[in-house]
Amino acid sequence: MKRQICMLFSLLLVIVGFATAANAEMVTLYASQDAWVDSDNPSSTPSDSPFLSIYSSSNSQRWSYFQFDLSSIPDTAVISKARLSLYGSASWSTASDWTTPYNRYPHFYHVSDDTWIDSTLTWDNKGGYDSLLGVSYPGSAFTWSNAYFTNGGTDNWDEGVDLNDDLLSIVGLIGDTMGYSASYSAYSEGTGGTTNGPQLYLEYTYEDPGPGPGTTVPEPSTIVLLGIGIIGLLGYGRKVMG
């Protein structure tokens, strides 16, 4: 009898876990559109280029834009890991001044305005950006570079608004080069597709909304009480038999 009680108690713990645990998911999203813009050609749209360019010098800038469709992610999701991955088409390069070139790595910022279109985006109409999401440290050509927006104790992405409107827009740029140039190029969505194009990997949890109207399912508290009741009856039975 003691063994049976222990088994049922273990079963109760499992029931409680299923009753209260949130669903956990992992997904890789691919850019729905991307483009890069050039300060040297402010009114042109170089979006037909097979590669995306992120470049900075003392008098010139190229920024790359990415957009991801989040409609497959529940609005109530809590994202625990978000990683942007780019597949390099050329080695990252920078002029050396014998210092750590942190500012010359690609920085990725959140873009609030999701209305841009890759075929019409130019330097002149590109709009602004807000919070820093992450920094990548790219190496040689034909390798992946990653920028973590959310990972463990790092949480730079306030995803609520983007989940509600189902779109995430990002711009990659290299800011202060202190007079030195730096450049990076990567496969675009059109060239790389789902193999080598820009990717957003997500891990998240969400509460299951449950069945639709008209379906009756016991509440978690009901299940727990049922389990406790079974254990109580077994304990009572053991006492009677003893």
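Whatever comes next refers back to the structure up there.
Residues numbered from 1 in each chain as written. Predicted model: local features only at pLDDT ≥ 70, side-chain atom pairs only at ≥ 80, totals over all residues. Heavy atoms only, no water.

**Student:** Quick one: what's the story with the overall build of the protein chain, residue by residue and with numbers?
**Tutor:** Counting secondary structure elements, the protein chain contains four helices and twelve strands. Across the 242 residues in the protein chain, those meeting the buried criterion constitute 37%. Intrachain contacts of the protein chain at a sequence separation of at least 6 include 83% that bridge at least 24 residues. Carbon together with sulfur atoms contributes 56% to the accessible area of the protein chain, which is approximately 13,000 Å² in total. (Helix = DSSP H or I, 4+ residues; strand = E, 2+ residues; numbered from the N terminus. Buried < 20%, exposed > 50% of the residue type's maximum accessible area, 1.4 Å probe, protein only. Contact = heavy atoms within 4.5 Å. Areas by Shrake-Rupley, 256 points an atom, 1.4 Å probe, with all protein chains shown as cover.)

**Student:** Explain the nonpolar core to me, and be specific about the residues and the numbers.
**Tutor:** Counting residues in each nonpolar core, the largest one holds 33 residues, and the members touching the most others are F108, F149, W157 and L202. Of all elements in the fold, only β3 (51–56), β4 (61–69), β5 (78–94), β7 (132–135), β8 (144–151), β10 (167–173), β11 (182–187) and β12 (199–206) reach the threshold of two or more residues within this core. No other element matches β5, which puts five residues into this core. Among residues more than four places away in sequence, those in contact with W157 are L70, I79, A82, H110, L133, F149, T150, D162, L168 and L202. In terms of nonpolar packing, the next biggest core, distinct from the first, is built from eleven residues, A35, V111, W123 and V171 among them. (Core = buried A, V, L, I, M, F, W, Y, C linked by side-chain atoms within 4.5 Å.)

**Student:** Residues and numbers for the packing of aromatic side chains, please.
**Tutor:** This model, assessed by the stated rule, comprises eleven aromatic pairs. Judged by centre distance (5.5 Å) and plane angle (55°), the ring pair of Y87 and Y187 falls under tilted. Residue Y87 is located in strand β5, and its partner Y187 is located in strand β11; the two are separated by 100 residues in the primary sequence. Overall, Y87 belongs to the buried group, its relative accessible area being 15%. Y187 gets classed as buried once you look at its relative accessible area, which sits at 16%. An aromatic cluster is built from F51, Y87, W144 and Y187, whose rings are joined through pairwise contacts. If you follow R62 out to its NZ or CZ, it ends over the ring of Y55, 5.4 Å from the centre. The lysine or arginine in question, K126, covers the ring of W63, its NZ or CZ lying 4.8 Å from the ring centre. (Phe/Tyr/Trp six-rings, centres within 6.5 Å; stacked < 30°, edge-to-face > 60°. Lys NZ or Arg CZ within 6 Å of the ring centre and 35° of its normal.)

**Student:** Before we move on, can you summarise the pairing of strand β2 (residues 33–38) with the specific residues and values?
**Tutor:** A large share of β2 lies buried, amounting to six of its six residues. Here β2 shows no split at all, with Q33, A35 and V37 on one side and D34, W36 and D38 on the other all buried. Bridging between β2 and β4 involves six bridges; their strand directions are antiparallel. Its bridge partner being in β4, D34 is matched across the sheet by F66. (Pairing = 2+ DSSP bridges.)

**Student:** Requested: an account of the pattern of salt bridges, with residues and values cited.
**Tutor:** By the definition in use, this model includes one salt bridge. With its nearest N and O atoms 3.8 Å apart, the salt bridge here joins R62 to D38. Highlighted residues: R62 in strand β4 and D38 in strand β2, separated in sequence by 24 residues. Owing to a relative accessible area of 6%, D38 belongs among the buried residues under this scheme. (Salt bridge = Lys/Arg side-chain N within 4 Å of Asp/Glu carboxyl O.)

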